[in-house]
Amino acid sequence: MKRFIITTTVLLVIGTSLNVQAADIATVNGKPVKQSLLDYIIKDATAAGKRIDDSARANIIDKLITNEVIDQEAQKSGIDKQPEFQAKEELTLHELRINAYIQDYIKKNPIDDKALQAEYDNQKALFKGKEYKASHILVKTEDEAKEIIAQLAKGADFGSLAKDKSLDTGSKENGGDLGWFQPATMVKPFGDAVVKLDKGNYTLMPIQTDFGWHVIRLEDQRESQPPAFESVKEELRNSLLRQQLDKLVNGLKAKAKIVNNTTAKSVK
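Engineer: Sorry, what's going on with the environment of L116 here?
Structural biologist: For L116, the location among the structural elements is in helix 4 (residues 113-124). On the basis of relative accessibility, which here comes to 0%, the residue L116 falls in the buried class. Residues L116 and E234, spaced 118 residues apart in sequence, show a C-alpha to C-alpha distance of 8.9 Å. Apart from residues lying up to four places away in sequence, L116 is in contact with I111, F229, K233, L236, R237 and L240.

Structure below.
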């Protein structure tokens, strides 16, 4: 019911003498409150999983009537003639029409499992090669990183140093563990350093990135494994849907005669 925000509680008693037409749930100063509005709200709420009993139905009707009372008063005040209101009204109508059109388009042009499987097969190629499991300790200066390397050479525990000294709050509590990743997903100096390490070894020289100075240890490596189809199915659907809608919009713009009257103006 959030769409029907009422700032004032109004009690309205509908007498039997109002002679309400069958198609309307009420009239306010002779203007009908339509049954179709009630039907839409109940349908929308039911689709969202809400149960509409007689009490909820009565509340909806009361809010519709109250809205109509306030709306009539707003129109009398001339609020709907103000430029700011009219601009907002136009933008809102645009958005309603556009959203309805897009939802209808999606319904008529569903993305089936065959298309999803084809996209999955295409993206599996991105997982060729190796992925690495590494830990790191991030510090501000090169000297700090060199001191950590010196401590490791003397037998200090990498995970303990990470918890004590690393600036990376996302990994320090796990001993600097970054999990599995492909080198290309990391900043280049970091990724380049990882692929040169042997399992169990750490960098003997600090590695500098935009984040600071790193000491990196390679925990393990393996051939890249794509995620299971079912685990990424909805992500693939959303990706294809975005592509589909981009194609639709670009096609509509290409067919339209568009004259942008602002492009000829210089901006100072």
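Engineer: Help me understand the sheet that holds strand 6 (residues 212-223) in this model?
Structural biologist: If you walk across this open sheet you meet the 4 strands as 4-3-6-5, and the pairing is antiparallel. The sheet is open, and its two edges are formed by strand 4 (177-181) and strand 5 (207-209), each paired on a single side. Across this sheet, the average inter-strand angle for adjacent strands is 40°, counted without regard to direction. Sheet analysis places strand 3 (residues 130-139) next to strand 6, joined by 10 bridges and oriented antiparallel. Note on strand 6: the bridge partner recorded for K133 is D220. Its contacts with the sheet place helix 5 (residues 142-153) against strand 3 and strand 6, and it is angled at close to 50° to strand 6. Strands in contact with helix 6 (residues 158-165) are strand 3 and strand 6; relative to strand 3, the strand with the most contacts, it is inclined by about 50°.

Engineer: In this structure, what is going on with the pattern of salt bridges? I would like to understand it.
Structural biologist: When the charged atoms of two side chains with opposite charge come close together, those side chains can pair. Evaluation of the coordinates by the stated rule reveals 15 salt bridges. With a shortest N-O distance of 2.6 Å, R222 and E131 are connected by a salt bridge. Here R222 is found in strand 6, whereas its partner E131 is found in strand 3, with 91 residues between them in sequence. We classify R222 as partly exposed; its relative accessible area is 37%. For E131, a relative accessible area of 9% puts it in the buried group.

Engineer: Would you explain the packing of aromatic side chains in this entry?
Structural biologist: Describing an aromatic ring pair means giving the distance of the ring centres and the angle of the ring planes. Applying the stated criterion to the full structure yields 2 aromatic pairs. Ring centres of Y120 and F229 lie 5.3 Å apart, and the angle between their planes is 75°; on these two criteria the pair is classed as edge-to-face. Of this pair, Y120 sits in helix 4 while F229 sits in helix 8 (residues 229-255); the two residues are 109 residues apart in sequence, bridging distant segments of the chain. Summarising the burial analysis for this pair, Y120 and F229 share the class buried.

Each value, and the rule that gives it
- Residues numbered from 1 in each chain as written.
- Predicted model: local features only at pLDDT ≥ 70, side-chain atom pairs only at ≥ 80, totals over all residues.
- Heavy atoms only, no water.
- Helix = DSSP H or I, 4+ residues; strand = E, 2+ residues; numbered from the N terminus.
- Buried < 20%, exposed > 50% of the residue type's maximum accessible area, 1.4 Å probe, protein only.
- Contact = heavy atoms within 4.5 Å.
- Pairing = 2+ DSSP bridges.
- Axes fitted to C-alpha atoms, helices over the stretch in contact; angles between N-to-C directions.
- Salt bridge = Lys/Arg side-chain N within 4 Å of Asp/Glu carboxyl O.
- Phe/Tyr/Trp six-rings, centres within 6.5 Å; stacked < 30°, edge-to-face > 60°.

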